[in-house]
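As a plain string of letters, each chain reads:
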Amino acid sequence: MKHTLLITGFEPFQQEPINPSWEAVAALPSDIGPWHLEKLRLPTVFGQAAELALARAAVLKPQAILSLGQAGGREAVTPEVVAVNLQDARIPDNAGNQPQGDPIVPAGWDGYFTTLPVRSLAQQAAEKGFPCRLSYSAGTYVCNDVFYRLLHHYKPTETRVGFIHVPFLPIQAKEGQPSLSLTQITEVLEFLIGALE
């Protein structure tokens, strides 16, 4: 029997025509190794994105939740180690919100570590030659907001939560900016999900 993985990506933001996180989620097969993937596209909006993910998860009762986000400027697929209790937006979200130094959960912990074995997964991927490395900052924008809220909600449960940032696609990258093709990104993600037990 397959385990259920809720996997999410974001809509485009900041005048970008596409968001590689959702393009990658949409391109993944429905089943990878022991996992059946349930896909969800999230709005790039503080609070609202996490609410939608939590609502879907309440119905699906997945064994794991994996959210993906765009990190322009990065050269590799980067599983995140930690989410911090901070909203600090350099640019407005897609609803015009631009919090500055606000806590995500006022009484919440300062941070939460991912409950997926990202160190082992990233090491295995790198050893296979995939462009994959750990990241220790999910930022303070909507990606981190979703990551933190999911970890906060599922902390006392068996449901595991992780977040992965993916680079720009070539069509998005300005001159000199790193990027990976959609095929490269999905190959890394398929390996990471397939290696997740």
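Think of each chain on its own: its residues are numbered from 1, step by step along the sequence as written. For this predicted model, a pLDDT threshold of at least 70 governs which residues receive local features, and a threshold of 80 or more governs which side-chain atom pairs are given and counted, while totals over whole chains, interfaces and linings are taken from all residues. Water and hydrogen atoms play no part in the side-chain values, which are based on all heavy atoms of the structure.

A. Region of the structure containing unusual backbone geometry. For Q14, which is not a glycine, the phi torsion comes out positive at approximately 50 degrees. Taking relative accessible area as the criterion, Q14 reaches 40% and is therefore assigned partly exposed. Of note, the phi angle at K61 is positive, near 50 degrees, even though the residue is not glycine. Numbering of helices and strands runs from the N terminus, with a helix taken as a DSSP run of H or I at least four residues long and a strand as a DSSP run of E at least two residues long. Turning to its location among the elements, K61 is positioned in the loop between α2 (48-60) and β4 (64-70). Relative accessible area decides the class of each residue, using a 1.4 Å probe on protein chains only: under 20% of the type maximum gives buried, over 50% gives exposed, and in between gives partly exposed.

B. Structural detail: helix α5 (residues 182-195). The terminal C-alpha atoms of α5, which comprises 14 residues, lie 20 Å apart, in line with the 20 Å expected from a rise of 1.5 Å per residue. The complete set of buried residues in α5 reads I185, T186, V188, L189, F191, L192 and I193. To estimate how far a helix should extend, the number of its residues minus one is multiplied by 1.5 Å.

C. Representation of the packing of aromatic side chains. Geometry of aromatic contacts follows a simple scheme: Phe, Tyr and Trp rings, the Trp one being its six-membered ring, pair when their centres are within 6.5 Å, and the pair is stacked under 30 degrees between planes, edge-to-face over 60, tilted otherwise. In total, this model carries six aromatic pairs according to the counting rule given. For the pair F13 and Y141, a centre-to-centre distance of 5.7 Å together with 45 degrees between the ring planes defines the contact as tilted. Placement of the pair is F13 in the loop between β1 (3-10) and α1 (20-27) and Y141 in the loop between α3 (118-127) and α4 (142-154), with a sequence separation of 128 residues. For the pair formed by F13 and Y141, the shared burial category is buried.

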